[in-house]
Amino acid sequence: MSMKAIGIILAGGNNEGRLGVLTDHRAAAALPVGSSYRAIDFTLSNMSNSSIGKVAVLTQYNSRSLRDHLTSSKWWDFGRKHGGVFVFTPYTSSTASNWFRGTADSIYQNMTYLLRSNEDYVVITSGDSIYKMDYHKLVEQHEKKGAEITIAYQRMDRDDLNNFGIMQMSEDGRLLEFEEKPEYPKSNHASLGIYVISRTLLIDILNEIIPKGGYDIVKDILIAKRRELKIFGYEFKGYWNTLSTGIGAYYNVNMDFLRKDVRDAFINEYPYIETKAKDEPPAKYNKDADVRDSIAGSGTIFNGKVEHSIIFRKVYTGEGSVVKNSILMEGCRIGKNCVVENAILDKEVVLSDGQQVIGKSINELAILKKGTRL
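Just so it is clear, the structure is predicted and the values come from calculations on it, not from any experiment. (Residues numbered from 1 in each chain as written. Predicted model: local features only at pLDDT ≥ 70, side-chain atom pairs only at ≥ 80, totals over all residues. Heavy atoms only, no water.)

Draft legend 1. Broad picture of helix α9 (residues 260-268). Within α9, burial applies to Val262, Asp264 and Phe266. Those residues of α9 that are buried lie in contact with β3 (37-38), α1 (40-49), β7 (129-131) and α8 (247-256). (Buried < 20%, exposed > 50% of the residue type's maximum accessible area, 1.4 Å probe, protein only. Helix = DSSP H or I, 4+ residues; strand = E, 2+ residues; numbered from the N terminus. Contact = heavy atoms within 4.5 Å.)

Draft legend 2. The arrangement of the sheet that holds strand β17 (residues 301-302) in detail. Taken in spatial order, the five strands make up an open sheet running β14-β17-β20-β23-β26, and their pairing is parallel. The open sheet has two free edges, formed respectively by β14 (284-285) and β26 (350-351), since each of these has just one partner strand. (Pairing = 2+ DSSP bridges.)

Draft legend 3. Quick peek at the pairing of strand β4 (residues 54-58). Where burial is concerned, most of β4 is hidden: five out of the five residues are buried. Side-chain alternation along β4 places Lys54, Ala56 and Leu58 on one buried face and Val55 and Val57 on a second face that is also buried. As judged from the five bridges shared by β4 and strand β5 (residues 84-88), these two strands associate in the parallel manner. Along β5, the bridge assignment pairs valine 57 with valine 87.

Draft legend 4. Molecular detail of the pattern of salt bridges. Using the criterion set out here, one finds 21 salt bridges in the structure. For the salt bridge of glutamate 208 with lysine 212, the shortest nitrogen-to-oxygen distance reads 3.6 Å. The residue aspartate 288 makes a salt bridge to lysine 287 at a minimum N-O spacing of 3.5 Å. The two residues aspartate 288 and lysine 287 agree in class, both being exposed. Connected through salt bridges with shared partners, the residues Glu208, Lys212, Lys225 and Glu228 form a single ionic network. (Salt bridge = Lys/Arg side-chain N within 4 Å of Asp/Glu carboxyl O.)

Draft legend 5. Examining unusual backbone geometry more closely. Look at the link from tyrosine 270 to proline 271: it is a cis peptide, with omega at -5 degrees. Looking at where proline 271 falls in the secondary structure, it is placed in the loop between α9 and β14. The phi torsion at glutamate 348 lies on the positive side, around 55 degrees, for a residue other than glycine. Mapped onto the elements, glutamate 348 comes out in the loop between β25 (343-345) and β26. Using a relative accessible area of 37% as the deciding quantity, one classes glutamate 348 as partly exposed.

Draft legend 6. Focus on the sheet that holds strand β15 (residues 290-292). Read from one edge of the open sheet, five strands run β15-β18-β21-β24-β27, paired in parallel fashion. Two strands bound the open sheet, and with one partner strand each, they are β15 and β27 (356-358). Mean inter-strand twist for the sheet, computed between neighbouring axes without regard to direction, equals 5 degrees. (Axes fitted to C-alpha atoms, helices over the stretch in contact; angles between N-to-C directions.)

Structure below.
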């Protein structure tokens, strides 16, 4: 059954440079994850699996790789007559170039999408979080509570809570305070940046705040209107992680795919996370290959040793080479007798025979940008 909601995925940012060279040439939402996905596949699959048939992806920086990836929306079952995936970038003309000035502004600049829809609700999410959620349940609770806005949150026991929006709620789950990235968090209820709001209310709020210079969903809607609007929290208990807090987060999310419970949730339990299919042959392990505790993408050829690593498509490792605790993106070629440890190699990095790329530790990774040749 189709859901009475449309989707908006905020895939604009390069996350203020926190992802370094990894987002020099791609949006964070297009970052490769878990050997065969891109970050946005998770949110897109959630939309499709929750029967949200119409989704707008709002993108800004380096959106070409994202756009290429999304042109095949048939993988997520969006290729319908009335629905579909719409990719919106900032409107530019010879006289004006209105970069999106914030999350609320990016939606305001694409107001026609809201006006031309007739569904009751809008589910707003970001494009760089890795999780599997049934948005039906979110909308169901939203209706049951008579909420005007619902924010999905998770109780987190992590030491970087100051990277998140922290919520304080009353007994019945109503939002009392919302602090954006507080130095000293007052609770461990962290917003996941996933919201439900009625379509007409969203139109009204945007028309009110944008002319006054309110461009941000968190600051100018959630925080500014927390008293006057009925805003509730929805607790999500499944696996959730985000790439947006930095390179360490990107590394950890990928390594989480080596955990059976995480892999099962995304790959082996219905509904599945879908991605754009590629037609490469299966991975090949030659006679001296020794590969343990790793995931390998299709078209990869192993001749050396690989341990506790995430290997994307069409990677080649030469004889006598050792790869440990590393992420090798699509098309990397590792020569003979090389050592790669605690490293992230972006796409198409080529190491000639005998090269060593070694990060001091998992917290100080060695990173080679796309197309590097050593």
